[in-house]
Structure formats: structure tokens, C-alpha cells
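The chain contents come next:
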Amino acid sequence: MSNSFVLVSHALCPYVQRAAIVLHEKGVPFERRDVDLADKPDWFLRVSPLGKTPVLLAAGEAIFESAVICEYLDETTAPRLHPLDPLRRARHRSSMEFGSALLNAIAVLYNAPDDAALLRAAADIHRRLRQVEEVLHAPPYFDGERFGIVDAVFAPVFRYLDVFERIGDFGLLAGLARVQAWRAALARRPSVRAAASPRYAEGLTAFLARRGSALNGRMRDEGMETKTAADRRC
Ligand SMILES: N[C@@H](CCC(=O)N[C@@H](CS)C(=O)NCC(=O)O)C(=O)O
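On a predicted model such as this, the values are computed, not experimentally measured, just so you know.

The subject of this paragraph is helix α5 (residues 115-135). Each α-helix turn comprises 3.6 residues. Residues three or four places apart therefore point the same way. With 21 residues, α5 should cover 30 Å at 1.5 Å per step; its first-to-last C-alpha distance of 31 Å lies within 8% of that length. At its buried positions, α5 is contacted by α4 (86-111), α6 (149-167), α7 (177-188) and α10 (214-221). Between a side-chain oxygen at the N-terminus of α5 and the backbone nitrogen of A116 the separation is 3.2 Å; the capping residue is D114.

Turning to the site of the ligand, a few remarks are in order. What surrounds the ligand is a group of 13 residues, the closest being C13, K40, T53, E65 and S66. K52 is positioned such that a nitrogen or oxygen atom in its side chain is 3.3 Å from an oxygen atom of the ligand. A distance of 2.8 Å separates a nitrogen atom of the ligand from a polar atom in the side chain of E65. Here the residues of the shell around the ligand sort into six nonpolar, three polar and four charged.

Where strand β3 (residues 55-58) lies against strand β4 (residues 61-64), four bridges are found, and the strand directions are antiparallel. Residue L57 lies in a different strand from β4, and its bridge partner there is A62. Linking β3 to β4, which pair antiparallel, is a turn of two residues; within it A59 sits at a positive phi near 50°.

Looking at the second largest pocket, its volume works out to about 300 Å³. The wall of the second largest pocket is formed by 16 residues, among which R159, D162, A187, V192 and Y200 lie closest to the centre. When residues of the lining of the second largest pocket are traced back to their parent elements, those giving at least two are α6, α7, α8 (190-194) and α9 (200-209). Broken down by element, the residue count for the lining of the second largest pocket peaks at six residues, all from α6. Tallied by class, residues from the lining of the second largest pocket come to 10 nonpolar, one polar and five charged.

Domains assigned within the protein are domain 1 (5-76) and domain 2 (86-221). Centre-to-centre separation of domain 1 and domain 2, based on C-alpha positions: 21 Å. With 16 residues of domain 1 at the contact, the number on the domain 2 side is 24 residues. Interface of domain 1 and domain 2: buried area, both sides summed, is about 1700 Å²; carbon and sulfur atoms make up 62% of it.

Rules used throughout
- Residues numbered from 1 in each chain as written.
- Predicted model: local features only at pLDDT ≥ 70, side-chain atom pairs only at ≥ 80, totals over all residues.
- Heavy atoms only, no water.
- Helix = DSSP H or I, 4+ residues; strand = E, 2+ residues; numbered from the N terminus.
- Expected span 1.5 Å × (residues − 1).
- Contact = heavy atoms within 4.5 Å.
- Polar contact = N/O pair within 3.5 Å; in protein donor to acceptor, adjacent residues only side chain to side chain.
- Near = heavy atom within 4 Å.
- Nonpolar A, V, L, I, M, F, W, Y, C, P; charged D, E, K, R; others polar.
- Pairing = 2+ DSSP bridges.
- 1 Å grid on protein atoms, 1.4 Å probe; cavity = no way out; pocket = protein on both sides within 12 Å on 5 of 7 lines; lining within 4 Å.
- Points joined across faces, edges and corners; volume = space filled by probe spheres on them.
- Domains from an automatic or database assignment.
- Buried area = accessible area lost by both parts, 1.4 Å probe.

Structure follows, in C-alpha cells:
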């Protein structure tokens, strides 16, 4: 298979991580090209109609939207990550959508303007993760021994939780033993580890510290406030 893939990326983007995990799972070499989303270069806007990362440059084409990129990679490179059974595959795709909604809920939490909104957002995330708990029945991954694209979608979700837990106990995984075990299995997976920089947690902490949100108050209380300059987007 071609080794000419370029993954147009942002260091903190969870959607980029999905594509990077899939590329690593398939052992496909690729170049990662980071862009500044606060100052998007013209070449990026030409290949990214929505102005978002990730974009996969492949075979002279620019493919955008992380789910589309993952599906394209799965259809063109072995090993197959999605289940072959259409109904199971549909179930995985539905849960991928659920993972995207969870990322939106996470953004609500880190942008919450005050403590009440922060606690509401935390309760909402916990409620969503409880729904995930109810569909997890075959460890270690979402659907048993085989790592799938849906696992690549949730691994970056859990990376946020790693950083939130350094700030405070929001009870996001309270009582959710199966989700906790899944999270631990994903954290050990080499493709997941390779999909973000070793400095990811530090970068995300700096990003969160610039939000001017209720979470920043908690970070200040924990002595975690930083003064890094201003890319407000990820
Ligand atoms: N639905 C898109 C979401 C991608 C997305 O929101 N990317 C963010 C970075 S994590 C972005 O590029 N934001 C820049 C902007 O919206 O201006 C996908 O799955 O690829």
C-alpha cells in the first residue's frame, strides 16, 4: 500500500487521533502535518472545505471528516477493523456518532461559565457514559477481542478524562466499571499511545487554562493555571 498519506492535523484534536489510531492499527506509514487552527493557512483552506482537521491527503485527493477518513482507510487497507456483519457494523457506527456527541458534551464542560454549569455538564457526561456502560458486554474492547474503529473514536474521549481527573473529581466514571476497564484497555493499546504526542496532557492543560471558564477556577485552585499564548481552538 502507498506510503504517501499525509494527515493534516492539530496537536490536540481528538478527531485527528481517530484517523491516526486507524493508520497505526493498519501499520500504514504517514506524515503528520500540523496546522494552526487560529491562523489557518491558505493551502489548508483549499483542502479542508469546512476549515477543520483532520484531512487525509491520499492518492491526490483530500478526504475530510474523521469518520469518512477512517472508513476509507478501512475499505482500502488491511486488517479490516469494522465488523463484517452489517448489523454489528451499524451498531459500531451508531456508537461512533455517540462518541462525537460525547466530545461535544466535553466541550460544554470545559467552556462552562460558572460552577453550576460545570456540574450540570459533568452530570450530563456521566449520564452519557452510563448509556455506554449498558452496551459494553464483551471486554476488553467495545465488541470483544477485536479492536475496531469505534474504539479509535472513544480513546481520545478518555484522554480528556485523564486531564480532567488531574483538576478535580467530577464523578464522570463513578460506578461505571465496564467503561473504566475499557478505558484502561484503550490506554494500553500501542496505536492509541502513538496517536498523540507524549506532551499531549500538558498541551491540553494549557489549552483548558486559556478558556476563561469555571474549569479554570478549579485549575487555579490546583495550581495548574499556565500562561501559554493564545490558540483557543482545538
Ligand atoms: N466532524 C468533524 C469535526 C472536526 C473538528 O471539529 N475539528 C476541529 C479541531 S478538533 C477543528 O478543526 N476546528 C476548527 C474550526 O472549527 O475552526 C470530524 O469528525 O472530522
